[in-house]
Amino acid sequence: MASEVFLSAFLALSKFTYNNTVNGPGCFAMFGCYPIEPPWISERRPIALYPKSPEEIGVRFVFFNAQHRQYPKEQNRYSNYIDVPDLVDATNINPDKMIYFITHGFLEKGATKWIEKMMNRLLDREPESTVIVIDWGPGSDPPYNQACANIRLVGTITAHVIVEIAQQVGLKNLDNVHMIGHSLGSHLSGYTGYTLRKEYNVTLGRITGLDPAELAFADTDEMVRLDPSDAKFVDVVHSDATPFVSNIGLGLYAPIGHVDFYPNGGFNQPNCPVTFWKEQNRFVSSVFQYFSCSHSRSYMYFTESITTPLKVVSCGSYESYNAGECFDCSAGNAHCVEFGLNSFASYEQLVKQHKLVPRKNTPLQFFFKTNSYDPFLMPNVKITIKIADTRESRQYGAEIGKIFLYIAGQDGAEPKRIDFNEEPRLFEPGLNYSSVIAVHSNTKPMTVKIGWKYETNLLNPLTWRLLSAPRVFIKQVQLQFLTQQTTLQMCPASGTGISTNELGVFTEDNCKHRQSHG
């Protein structure tokens with residue numbers, strides 16, 4: 001009860017304060033003023049503009065629950081922020097369940113397919129929850145710098161809406177309020193959290209930043225961008241940090257949350273175009289797809305995580321993760337959590353177990369690999385290939401090339417090719433080589449077929465094979481799942497090696513047979 005009175009008092013006080021603010025450039029009565037001096041202008045942010053007025057931005061809040069999932073078709077049926085009190089009464093928000101806010105980024109609007117899909121997944125999982133879409137479509141139009149300015153005001157308006165909801169439904173705190181924002185929407189959510197903390201002395205429960213926008217936000221003050229102080233828990237998904245000009249990408253690469261996820265290293269998502277000219281006579285759509293594909297994967301992955309848990313492990317770099325150096329949840333400094341929606345529960349568990357002490361500006365970084373198509377979230381497996389040290393293997397010597405695999409599971413699905421190493425590398429007799437891959441099946445592997453592609457280099461005599469066919473001798477393949485303690489070992493039926501255009505078949509039974517016969 002005291003918390004309800006506390007929030008009500010702050011709401012009344014803020015309205016009185018803002019209504020007495022002198023209007024001027026960048027000032028909007030109850031929503032305050034928005035200066036454009038530092039830190040809002042800096043070397044990486046040379047242009048700062050005032051937000052447009054609330055009427056020009058046209059921000060709307062659309063409420064959904066399990067019984068109401070249809071987006072209004074007429075513009076005048078959208079809920080203006082002024083109408084929120086009436087809408088809260090009509091929506092029957094359950095104060096004991098989650099309240100989700102979802103917001104879009106630049107050049108988008110609330111009525112988009114990805115928001116609709118995320119909303120439905122959330123309501124399917126939590127039927128008593130409420131989903132509120134923040135639609136600031138008119139304010140997301142070019143120029144980009146103007147959109148960056150507009151989200152400051154939209155973030156403040158959203159903070160007022162959250163406090164209004166808290167007052168009306170009797171929220172004791174904002175722990176059950178979770179904001180999810182894509183691109184500019186990530187920083188918009190940060191502004192909401194900042195306003196709630198500064199003006200009302202209350203802290204938002206959670207913010208999820210889906211590939212937070214990089215341009216005009218990299219290397220800026222924490223006030224300008226999303227940061228860990230904006231909510232009790234801030235998780236970030238980085239999917240498009242690849243620079244398309246020097247040091248600038250669509251998404252931020254720097255860790256800015258309590259936990260930061262980097263699927264496929266945080267850039268160049270698989271099966272996204274690498275050129276403008278993917279389709280002839282469709283230049284505009286090809287350019288849009290080129291720039292948006294990896295950027296949009298962040299919300300695709302997060303939406304999938306609502307129904308498909310994926311355990312991931314902390315690691316210092318993508319290179320270390322790829323090499324299999326971070327694939328043990330029980331290792332000293334390693335932490336494992338579930339990616340996406342379940343990450344907060346996993347993080348809380350680590351804190352309760354005293355395995356983690358939350359500290360500002362020391363985020364945990366998690367790297368993992370995904371499938372190249374939907375479903376994206378597939379188990380990651382550490383593959384270790386042991387090159388035989390037999391006399392025949394040593395006679396052939398080291399080979400340069402690529403190894404690829406087909407892993408068949410118990411589900412009987414047709415296995416797809418997985419590259420063990422994307423670039424040619426040297427494989428030497430007696431040595432072990434590890435790589436982490438995303439498998440295409442959730443079932444236990446039954447067989448692994450391994451192929452070899454020899455790569456020659458005219459400038460490197462070590463790669464020349466004039467008198468014998470290039471061949472790699474693999475003694476054993478080990479498969480280690482992050483979610484399991486055991487490691488599968490598979491062996492070939494014979495030790496004759498694998499040459500180009502051949503596939504060697506590896507099974508557990510072959511290893512057992514080899515052991516039983518000495």
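Just above sits the structure.
Here the residue index of a chain counts from 1 through its sequence in written order. Local features in a predicted model are, by the rule used here, given only for residues with pLDDT of at least 70; side-chain atom pairs are given and counted only at 80 or more, and totals for whole chains, interfaces and linings are based on all residues. The basis for every side-chain value is the complete set of heavy atoms in the structure, and neither hydrogens nor water enter the calculation.

Novice: Could you give an account of the packing of helix α5 (residues 144-169) against helix α6 (residues 184-200), with specific residues and numbers?
Specialist: Packed helix pairs are specified by the crossing angle of their axes together with the interaxial distance, meaning the distance between the axes. The angle between two axes is taken between their N-to-C directions and runs from 0 to 180 degrees, where each axis is a line fitted to C-alpha atoms and a helix contributes only its stretch in contact. Numbering of helices and strands starts at the N terminus; helices are DSSP runs of H or I of at least 4 residues and strands are runs of E of at least 2. As a packed pair, α5 and α6 sit with axes 7 Å apart at the nearest point and diverge in direction by 45°. Between α5 and α6, the angle is such that the two are oblique. Relative to α6, α5 is oriented so that their crossing is right-handed. Here the term charged refers only to Asp, Glu, Lys and Arg, the term nonpolar to Ala, Val, Leu, Ile, Met, Phe, Trp, Tyr, Cys and Pro, and the term polar to all other amino acids, Gly among them. Classifying every residue of the contact of α5 with α6 gives 13 nonpolar, 7 polar and 1 charged. Oblique is the label for every angle not falling under 35 degrees (roughly parallel), over 145 degrees (roughly antiparallel), or within 65 to 115 degrees (roughly perpendicular). Crossing chirality is assigned from the near helix's rotation relative to the far helix, an anticlockwise turn below a right angle marking it left-handed and a clockwise turn marking it right-handed.

Novice: Lay out the packing of aromatic side chains in plain terms, naming residues and giving numbers.
Specialist: For any pair of aromatic rings, the description rests on two quantities: the centre-to-centre distance and the angle between the ring planes. The rule is short: rings of Phe, Tyr and Trp, with Trp giving its six-membered ring, pair when the centres are within 6.5 Å, and they are stacked under 30 degrees, edge-to-face over 60, tilted in between. Inspection of every chain in the model, using the stated rule, returns 20 aromatic pairs. On the basis of an interplanar angle of 40° and a centroid distance of 5.0 Å, the ring pair of Phe-233 and Phe-344 is categorised as tilted. Here Phe-344 lies in helix α9 (residues 343-352) and Phe-233 lies in strand β6 (residues 233-237), a separation of 111 residues in the sequence. Here Phe-233 falls in the buried class, since its relative accessible area comes to 0%. Note on Phe-344: relative accessible area 26%, which makes it partly exposed. A positively charged side chain is recorded as over a ring if its NZ (Lys) or CZ (Arg) lies within 6 Å of the ring centre. The angle to the ring normal must also be within 35 degrees. The lysine or arginine in question, Arg-45, covers the ring of Phe-217, its NZ or CZ lying 5.1 Å from the ring centre. For each residue, the accessible area found with a 1.4 Å probe, counting protein chains only, is set against the maximum for its type, and the residue is called buried under 20%, exposed over 50%, and partly exposed in between.

Novice: Any details on the packing of helix α3 (residues 84-91) against α5? Residues and values, ideally.
Specialist: For the pair α3 and α5, interaxial distance at closest approach is 10 Å and the crossing angle is 45°. Classified by the angle their axes make, α3 and α5 are oblique. Both α3 and α5 take part in a crossing whose hand is right-handed. Across the interface between the two elements, Val-84, Pro-85, Val-88 and Asp-89 from α3 touch Val-161, Glu-164, Ile-165, Gln-168 and Val-169 from α5. Contacts: residue pairs with any heavy atoms within 4.5 Å of one another.

Novice: So what's going on with the sheet that holds strand β4 (residues 177-182)? Which residues, and what values?
Specialist: Across the sheet, which stays open at both edges, the 10 strands sit in the order β1-β3-β2-β4-β5-β6-β7-β10-β8-β9 with mixed pairing between neighbours. With one partner strand each, in any of the chains shown, β1 (60-64) and β9 (336-338) form the two edges of the open sheet. Ignoring which end each strand starts from, the neighbouring axes of this sheet average 25° apart. Being paired, for any two strands, means DSSP has found at least two bridges between them. Note that strand β2 (residues 99-103) and β4 share 5 bridges and pair parallel. Note that in β4 the partner of Phe-101 across the bridge is Met-179. Against the sheet, α6 engages β2, β3 (130-135), β4 and β5 (206-210), with an angle of about 145° to β4.

Novice: So, the pattern of salt bridges: which residues are in play, and what are the values?
Specialist: In what follows, salt bridge is the name for a side-chain nitrogen of Lys or Arg lying within 4 Å of a carboxyl oxygen of Asp or Glu. According to the stated counting rule, one finds 12 salt bridges in the structure shown. Between Glu-214 and Arg-44 there is a salt bridge; the shortest N-O distance is 3.2 Å. Of the two residues, Glu-214 sits in the loop between β5 and β6 while Arg-44 sits in the loop between α1 (2-19) and α2 (54-57), which places them 170 residues apart along the sequence. In this structure, Arg-125 and Glu-126 form a salt bridge, with 3.8 Å as the shortest nitrogen-oxygen distance.

Novice: Can you lay out the pairing of strand β12 (residues 399-409) for me, pointing to particular residues and giving the numbers?
Specialist: Burial within β12 is extensive, with 9 of its 11 residues counted as buried. Pairing analysis gives 3 bridges linking β12 to strand β14 (residues 425-427), with the strands arranged antiparallel. Bridge pairing in β14 links Gly-401 to Arg-425. Of the strand pairs in this sheet, β12 and strand β16 (residues 445-454) are connected by 9 bridges, and their pairing is antiparallel. Along β16, the bridge assignment pairs Ile-407 with Val-448. Bridge count for β12 against strand β13 (residues 417-419) is 3 bridges, and the pairing is antiparallel. Bridging from a neighbouring strand, Phe-404 pairs with Asp-419 of β13.

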